[in-house]
Amino acid sequence: MSADTETAPAAVTGPARRSPSPWVLMYHSVAEFTDPAEDPYGITVTPAALEAQLLWLRARGLRGVGVAELLRARAAGRGRGLVGLTFDDGYTDFLTRALPLLRRHDCTATLFVLPGRLGVDNVWDPLGPRKPLLTAEQIREVAAAGQEIGSHGLLHQDLTAAPDDVLQQELRGSRELIRELTGTLPEGFCYPYGHLDARVVEATRAAGYDYACAISPGRLAGRHALPRTHVSQADGAARLRVKQLRHQVRELRGRVLR
């Protein structure tokens, strides 16, 4: 995932009522930087910013958890006070920078990884900077620390442009590779770039994923196209509160899908 945008999803017919989507926050990289040119896609927060954002949640009686845990809690009527935390792409700094802060504040998260790009870097972001991705052993270390591992596909491709055979490999192939890495089939998928359409959503469901994360999926929103709130370095208390209210308003207006 490189930006806080996505292409407009295809319309679906037969709108139906749905329950409100949970509030899920979207992160990518946690690293020190001083020059905005070092973060041209707006995907990096500093450790200090992440800690302040976690403290803001905790001060309001909210605790960050992985998406699978959040969905199970909501199904059991125990979702009050829980917020989803997701980190896309599987950067090494999740292990070195984000994980210690999550532990400090009694939070967990879902890390969406690319098993076809283990131990390399974010080649899909042409403007850089280069950020190393987790190795197989590091992904196992993250899983052993109690964090959820989900799939972001194999190679970070726009799945809406992928032919059917490539789409299946990105969905099913990445799921099997993650099972080989961690011993567990991932429950969740995250659409690269946030791009999705009805074909991709249905293929994701058919591939066996229990849920999938998007950004702003519009009329496709549902369990396999969960909306998320992008969190940036600039998001202090006031901006987080505005984003929380926007999510609540969007959910009040958007009872038309799945």
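Residues numbered from 1 in each chain as written. Predicted model: local features only at pLDDT ≥ 70, side-chain atom pairs only at ≥ 80, totals over all residues. Heavy atoms only, no water.

Trainee: Quick one: what's the story with the overall build of the chain, residue by residue and with numbers?
Mentor: Across its full length, the chain holds seven helices and ten strands. Compactness check: the chain gives a C-alpha radius of gyration of 17 Å against a globular reference of 18 Å for 258 residues, within 12% of the reference. Taking the principal axes of its C-alpha atoms as reference, the chain extends roughly 45 × 40 × 35 Å. Accessible area of the chain: about 10900 Å², with a carbon and sulfur share of 54%. Across the chain, 32 positive and 29 negative side-chain charges occur, with their mean positions spaced 10 Å apart. (Helix = DSSP H or I, 4+ residues; strand = E, 2+ residues; numbered from the N terminus. Rg over C-alpha atoms; globule rule 2.2 N^0.38 Å. Areas by Shrake-Rupley, 256 points an atom, 1.4 Å probe, with all protein chains shown as cover. Lys, Arg positive; Asp, Glu negative; His and termini not counted. Charge placed at Lys NZ, Arg CZ, Asp CG, Glu CD.)

Trainee: How would you explain the pattern of salt bridges if you had to name every residue and give the values?
Mentor: Summed over the entire model, instances satisfying the criterion amount to 14 salt bridges. Here R63 makes a salt bridge to E69, at a shortest N to O gap of 3.6 Å. A relative accessible area of 31% means that E69 is categorised as partly exposed. Between D210 and R223 there is a salt bridge, with the nearest N and O atoms lying 2.7 Å from each other. Placement of D210 in the loop between α6 (198-206) and β9 (211-213) and of R223 in the loop between β9 and β10 (229-230) is noted, with a sequence separation of 13 residues between them. The partly exposed category is assigned to R223, whose relative accessible area is 31%. (Salt bridge = Lys/Arg side-chain N within 4 Å of Asp/Glu carboxyl O. Buried < 20%, exposed > 50% of the residue type's maximum accessible area, 1.4 Å probe, protein only.)

Trainee: Got a sec to walk through the nonpolar core? Specific residues and values, please.
Mentor: Core analysis: the biggest nonpolar cluster contains 32 residues, and L50, L57, L85 and F87 have the highest contact counts within it. Where this core is concerned, the elements lending two or more residues are β1 (24-27), α1 (47-59), β5 (82-88), α3 (92-104), β6 (110-113), α4 (136-144) and α5 (164-182). Ranked by residues supplied to this core, first place goes to α3 with six residues. L167, F189, A212 and L220 belong to the second-largest nonpolar core, a separate cluster that totals 15 residues. (Core = buried A, V, L, I, M, F, W, Y, C linked by side-chain atoms within 4.5 Å.)

Trainee: Any details on the packing of α5 against α6? Residues and values, ideally.
Mentor: Direction vectors running N to C along α5 and α6 enclose 45°, while the axes themselves pass 10 Å from each other. Viewed along their axes, α5 and α6 adopt a mutual orientation that is oblique. For the crossing formed where α5 meets α6, the hand is right-handed. Contact with α5, carried on its side by D164, L167, Q168, L171 and R172, involves R199, V200, A203, T204 and A206 of α6 and no other residues of that element. Residues that form the contact of α5 with α6 fall into these classes: five nonpolar, two polar and three charged. (Axes fitted to C-alpha atoms, helices over the stretch in contact; angles between N-to-C directions. Parallel < 35°, antiparallel > 145°, perpendicular 65-115°, else oblique. Left-handed = near helix turned anticlockwise from the far one by under 90°. Contact = heavy atoms within 4.5 Å. Nonpolar A, V, L, I, M, F, W, Y, C, P; charged D, E, K, R; others polar.)

Trainee: Give a description of unusual backbone geometry that names residues and reports values.
Mentor: The omega torsion across G128 and P129 is -5°, close enough to zero to call that bond cis. Turning to its location among the elements, P129 is positioned in the loop between β6 and α4. In this structure, D106 takes a positive phi of about 55° despite not being glycine. Mapped onto the secondary structure, D106 falls in the loop between α3 and β6. Even without being a glycine, Y193 presents a positive backbone phi close to 65°. Overall, Y193 belongs to the partly exposed group, its relative accessible area being 21%.

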